[in-house]
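Now for the letters of each chain:
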Amino acid sequence: MLAELALACLALCTPLEEKELQLTDTAITVRAATVWPAQVHKGWIPCQVTVANGGERACTVDVRATAWGVEREVEASISVPAGAEGSIEMLLPAFANTQNQYTLRLLHEGRSHWLAGNFGGSELGMVDARSILYFSEGEPEAGLTERWSGELSTAEVSGAGPVIRHSGGLTGYVTFTPPRPATTTGTPNNVQVHHVRFDRLPQHAESFTSVDVVVLDTSTGLPGERALAPLFQWLRLGGTVAVLGPRAAELARASSELAPWLEPRFALEHESVALAQRAGLGTLLVDDAPPFSTPEQRNAVQHAALDGNGMVHDDGGSRMRTNLPVVPDLFALPYKLFALLLVLFAIVIGPVNFVVVKRTKRPVMLLVTIPVIALGAAVALFGFGIVSQGLGVKVASHTFALLDQRGHRSMASEMRMLFAGLAPARGLEPGPGAALMQVARYSSSGAWIQPAYDGQRYLVAHDPGLVLAGGYLPARSAFLHQIVTERAERGRLELARSGGELAATNALGTAVERLLVRDETGRYWTSSEPLRESARTTLAPLAEAEAVDLARELGLASLMPEVAALPAACYLARLERGVFGDDCGVAGEESVSFHHVLGVLATDGEEWR
């Protein structure tokens, strides 16, 4: 017992990348490792846990990861046959302005074991610190990543960030100002470059949501497409990936995942590296020079890191922090009705109660009637609050989606405010290809409260996918989530030429409220009226100046920032409802919403002939 307590204490103060423990009186060995940056403040952190069973019968080891600051518990179970190994990549949630380091407790046959060491982020997660992951085949030379960190940093970060300024406005609960080198009093350190070997690539796209930029060193080539698939999924959902080094452009063009986005129509305006492209909702940088060897590379990566992580919400600078959805009148008090209830309460507990008790000629009854009336009034007010807010689920949602009709894939980023009158029994369950990040709780005063200050207890279970409970969806509280989703998609907008006209058939699964199409020749077209589901209409030509205004209204700057205009063979649409996201098992009534989609078609497709 004393030995286990000593290990638990050691776990609180010993930062380790990897740790191994043989369970007492067994032939079972457990290894755990995190290879992520010390400074993270968002998304999910991968932690690899492996169980080696040297015994003669199968075993099951339950793993419990816990964190302080914001109270979090992450559960996973690993079953391993005799003489074999089993592993799981646990996903640990990271939040801003708190510690994101976890301790691991192992449960086997009723006994508890502590795995010494900290796992996750070992530094305070402040939003002005940026993390760049540098992947290569081997280890870099000593001091190289530290030198790169110094070259890319622009401001001094004490612990993790300079001054964090909170605001209660709807434009974001953290105000971010790009750091100014002139104001630093010490060595700039707000950008951290962290090295990871190719053989430690994470297995889940969610893992990359905790970093800002990923750099792939092509000096020895690249891993197979299967190993890189989670990374490229994160790229399409809003991440930034830089492929740098010898033959980088050749390797990118040979990749079935990257090649479709290297067409000139997806080029970014202001980047000076060899290839700077919009890839899905994310940013792809490609250059044949060695990593960070040119000012152009350093500027492009630094710009991507300090600007935030595209469509993945970031308290420190993401474009997704603005225009947050809010369920209207959720905490509004109906003052007239409330005043009427108070007046009725005063009349009943005062004159009415006095008259009734006087008639009974038993004044001692006041000791009973007053508490009963007060309790009844409290129950009535509580019931009135429940009825006014409802027992169902209310939703406010803003969705930006990209529908790649060339490969029948959709990528969506949704900011969703959720209020559940009764919390679902299991909680939120992101489906395949979906990842959920907790952003904030909405208070009755209209302010956004970060997880670091909301007092909630966040529960995560690998079952086998993630099940998010506790603070992720408590009853009768309004929470803001971000959900990013990539999946196969059959919906599409079908375009066909007839003579000199262009016709559109809506097969997107919902009504199209506004539509802007740019054909393969660069001409703009629009629909004069909303297009119902399965309806067909002939599009009208649109002048370029009007098309630019409509593209701005339909969110082109959010869907494809730094792209000058709507690319050829693409369309923009505002939909009646969201059809490309994931409700994580909790559907509700949408009170306020807008859903924008950018469709990508082949430039030489049949629809343009």
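Our structure is the block above this text.
Since the model is a prediction, treat every value here as computed from it, not as a measurement. The numbers attached to residues start from 1 for each chain and follow its sequence in the written order. Confidence filtering applies because this is a predicted model: local features only for residues at pLDDT of at least 70, side-chain atom pairs given and counted only at 80 or more, and all residues used for totals across whole chains, interfaces and linings. Think of the side-chain values as coming from all heavy atoms in the structure, minus any hydrogens and water.

Caption draft 1: Highlighting the pairing of strand β19 (residues 434-442). For β19, a buried count of nine out of nine residues is recorded, marking the element as mostly surrounded by other parts of the structure. Pairing geometry for β19 and strand β23 (residues 478-488), over eight bridges, is antiparallel. Paired with Q438 across the two strands is H481, which belongs to β23. At least two DSSP bridges between two strands are needed for those strands to be called paired. The way it works is that DSSP assigns letters per residue, a run of H or I at least four long becomes a helix, a run of E at least two long becomes a strand, and they are numbered from the N terminus. Between the antiparallel neighbours β19 and strand β20 (residues 448-449) lie five residues, among them G446 with a positive phi of about 90 degrees. Whether a residue is buried, partly exposed or exposed follows from its accessible area with a 1.4 Å probe, protein chains only, as a fraction of its type maximum: under 20%, in between, or over 50%, in that order.

Caption draft 2: Seen up close, the packing of aromatic side chains. Working definition: rings of Phe, Tyr and Trp (its six-membered ring) pair if their centres are within 6.5 Å, and the pair is stacked with planes under 30 degrees apart, edge-to-face with planes over 60 apart, and tilted otherwise. Within this structure, the stated rule accounts for ten aromatic pairs. Each ring, one from Y442 and one from W448, has its centre 4.9 Å from the other, and the planes form 55 degrees; the classification is tilted. In this arrangement the basic side chain of R406 is found over the ring face of W261, its NZ or CZ atom lying 4.8 Å from the centre. Charge-over-ring contacts are defined here by two conditions on Lys NZ or Arg CZ: a distance within 6 Å of the ring centre and an angle within 35 degrees of the ring normal.

Caption draft 3: A look at the sheet that holds strand β14 (residues 240-244). Reading across from one edge, β12-β9-β13-β14-β16-β15 is the order of the six strands in this open sheet, with mixed pairing throughout. Each having just a single partner strand, β12 (191-197) and β15 (275-279) make up the two edges of the open sheet. The sheet shows a mean angle of 20 degrees between the axes of neighbouring strands, direction not considered. Alignment of β14 against strand β16 (residues 282-287), held across five bridges, turns out to be parallel. Following the sheet pairing, A242 is matched in β16 by L285. Set on the sheet, helix α3 (residues 225-236) makes contact with β13 (213-217), β14, β15 and β16; between it and β13 the angle comes to about 135 degrees. Whether two residues touch is decided by their heavy atoms; if any such pair falls within 4.5 Å, the residues are in contact. A fitted line through C-alpha atoms represents every axis, and for helices the fit uses only the stretch in contact; the resulting angles, taken between N-to-C directions, go from 0 to 180 degrees. Taken strand by strand, helix α5 (residues 295-307) contacts β9 (130-136), β12, β13, β14 and β16, and its axis lies near 130 degrees from that of β9.

Caption draft 4: Representation of the side chain of D454 in the model. Relative to the elements of secondary structure, D454 occurs in the loop between β20 and β21 (457-462). His is not counted, nor are the chain ends; Lys and Arg add positive charge and Asp and Glu add negative charge. Basic side-chain nitrogens of Lys or Arg form a salt bridge, by our definition, when they fall within 4 Å of a carboxyl oxygen of Asp or Glu. For the buried D454, which has no salt bridge, the nearest side chain bearing the opposite charge is R441, at an N-O separation of 4.9 Å. What qualifies as a polar contact is a pair of N or O atoms within 3.5 Å, subject to a donor-acceptor requirement within protein and to the restriction that residues adjacent in sequence count only when both atoms come from side chains. A polar contact is formed between the side chain of D454 and the backbone nitrogen of Q456, at a distance of 2.9 Å. Once residues within four sequence positions are removed from consideration, D454 is found in contact with R441, I449 and F479.

Caption draft 5: View of the sheet that holds strand β26 (residues 512-518). With mixed pairing, ten strands are arranged side by side in an open sheet as β20-β19-β23-β18-β17-β31-β30-β26-β27-β29. What marks the edges here is a single partner per strand, and that holds for β20 and β29 (540-542). Sheet topology note: the β26/strand β27 (residues 524-526) ladder contains three bridges and is antiparallel. Considered in β27, the bridge of L516 is made with T526. Contacts from helix α8 (residues 544-553) reach β26, β27, β29, β30 (570-575) and β31 (589-600), with the element oriented near 130 degrees to β26.

Honestly, that's just the spatial picture; any functional story needs more than this.
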